[in-house]
Amino acid sequence: MPATRLDGKKIASEIRSEVAADVETFVSGGNHPPQLAAVLVGEDPASQVYVRNKERACAKAGIASRLDRMPAATTQAELLAKVAELNSDPAVSGILVQLPLPSKANGGTGIDERAVLDAIDPIKDVDAFSPVNVGLLMQGRPRFLPCTPHGIVQLLHRTGIETSGKHVVVVGRSDIVGKPMAMMLAQKDSTCGPAVANATVTIAHSRTSNLTEICRQADILIAAVGRPEMITADMIQPGAVVIDVGINRVEDKLVGDVAFDEAEAVASAITPVPGGVGPLTIAMLLHNTLMAAKMQAAGK
Ligand SMILES: NC(=O)C1=CN([C@@H]2O[C@H](COP(=O)(O)OP(=O)(O)OC[C@H]3O[C@@H](n4cnc5c(N)ncnc54)[C@H](OP(=O)(O)O)[C@@H]3O)[C@@H](O)[C@H]2O)C=CC1
Ligand SMILES: Nc1nc(=O)c2c([nH]1)NC[C@@H]1CN(c3ccc(C(=O)N[C@@H](CCC(=O)O)C(=O)O)cc3)C=[N+]21
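No experiment lies behind these values; they were computed from the predicted model shown.

A. Layout of the overall build of the chain. The number of helices and strands found in the chain is 10 helices and 11 strands. For 300 residues, the compact-globule formula gives about 19 Å, and the C-alpha radius of gyration of the chain, at 19 Å, lands near that figure. With respect to the three principal axes, the spread of C-alpha positions in the chain is 50 × 45 × 35 Å. Per-residue burial over the chain gives 50% buried out of 300 residues. If you take every contact in the chain between residues at least 6 apart in sequence, the share linking residues at least 24 apart comes to 71%. Element-wise, carbon and sulfur atoms account for 52% of the exposed surface of the chain, whose accessible area totals about 13300 Å². Put simply, the chain has 28 plus and 32 minus side-chain charges, and the middle of one group is 3 Å from the middle of the other.

Below is the structure:
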């Protein structure tokens, strides 16, 4: 029997309606609408998709948005000045600097990504990338949850997929997806969102020597690599749940990190690309932007 398709788009739309209703209540209580400020340096393809969809979603949820496009040749000082401007603008609730910043090979000036993320006011850090927010998450008392892992947690929760006691293999150890995902699922009890946690987690990466063998041990396999269709059917335990985070542009089409057609025949449930994790990331970003606005309104 082919796998159930986990409809990220549908669940994202439910979450967005919940956020929209909360925004309405917040604004009718005499507050300014929350505002999300995104900064895009250069033209990373995955970021382009993200920016476009994000603006649309904000508008629908009653969240204001602004986008500051900066050329690939932007210097670190210029970008830090932009972040400082957004930090001190009281109309801005949340700040998101699109990653990756352009590499030198792509016309970039070699900006230190860490320095930029460190400069974002933690109370406006809707990506949850700043050291304070990462630390709080690590300790199981998060303020903002990072959007993509949180979206995946919501998806698992709302489709009734249990993680407690399960073996989750996360392929990829980036600060934006792999690392926080692994940490959230390994937390004791439900400190990182709804009642999904207590998993046994393995983190795999480019130096993992027996990747196929490790992946095959997963009850839940989460691929966040950025390599089109690298997870093939032989890497999936029959009946496993497969979550595909990858957004790769191949000949003008979006494809995930999982070879969907063959994986679908082996897995019990699987997220498609597009229509899986991507829309959930955006829904959780809206959630975080509202949370930021609420915290700022409460003077926290
Ligand atoms: N759907 C969504 O909402 C989002 C999607 N994405 C997409 O997810 C993908 C991953 O993004 P991100 O986490 O930022 O990527 P990064 O490039 O930052 O990290 C990729 C990770 O994959 C590992 N890796 C690379 N090659 C292999 C390999 N052959 N075998 C095993 N592991 C490997 C790397 O290992 P090492 O550490 O050793 O280098 C690294 O840890 C991208 O396609 C991105 O566009 C990202 C964010 C949100
Ligand atoms: N600071 C920062 N935070 C991020 O979270 C971040 C980032 N930088 N840089 C780029 C990656 C990528 N990313 C995506 C999120 C949603 C979709 C998305 O909406 N995907 C739809 C695409 C639908 C379509 O338009 O075809 C889907 O998968 O169905 C895509 C990509 C967030 N990222």
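B. View of the site of ligand 2. Lining the immediate surroundings of ligand 2 are 19 residues, of which Asn53, Val97, Leu99, Asp127 and Gly275 lie closest. One nitrogen or oxygen atom from the side chain of asparagine 53 is found 3.0 Å from an oxygen atom belonging to ligand 2. In the environment of ligand 2, a nitrogen atom lies 2.8 Å from a nitrogen or oxygen atom belonging to the backbone of valine 97. A total of 670 Å² of accessible area belongs to ligand 2 in isolation, and the protein chains cover 85% of it. Here the shell around ligand 2 is built from residues that sort into 12 nonpolar, five polar and two charged. Here the shell around ligand 2 gathers at least three residues from each of two domains, domain 1 (32-121) and domain 2 (146-278).

C. Spatial organisation of the sheet that holds strand 1 (residues 4-5). Strand order across the open sheet formed by six strands is 1-11-8-7-5-6, with parallel pairing between neighbours. Edge positions in the open sheet fall to strand 1 and strand 6 (200-204), since each of these has one partner strand only. Relative to strand 8 (residues 241-244), strand 7 (residues 220-223) runs parallel, the two being bridged by four bridges. Bridge pairing in strand 8 places isoleucine 220 opposite valine 241.

About the thresholds
Residues numbered from 1 in each chain as written. Chains lettered and ligands numbered in written order. Predicted model: local features only at pLDDT ≥ 70, side-chain atom pairs only at ≥ 80, totals over all residues. Heavy atoms only, no water. Helix = DSSP H or I, 4+ residues; strand = E, 2+ residues; numbered from the N terminus. Rg over C-alpha atoms; globule rule 2.2 N^0.38 Å. Buried < 20%, exposed > 50% of the residue type's maximum accessible area, 1.4 Å probe, protein only. Contact = heavy atoms within 4.5 Å. Areas by Shrake-Rupley, 256 points an atom, 1.4 Å probe, with all protein chains shown as cover. Lys, Arg positive; Asp, Glu negative; His and termini not counted. Charge placed at Lys NZ, Arg CZ, Asp CG, Glu CD. Near = heavy atom within 4 Å. Polar contact = N/O pair within 3.5 Å; in protein donor to acceptor, adjacent residues only side chain to side chain. Nonpolar A, V, L, I, M, F, W, Y, C, P; charged D, E, K, R; others polar. Domains from an automatic or database assignment. Pairing = 2+ DSSP bridges.

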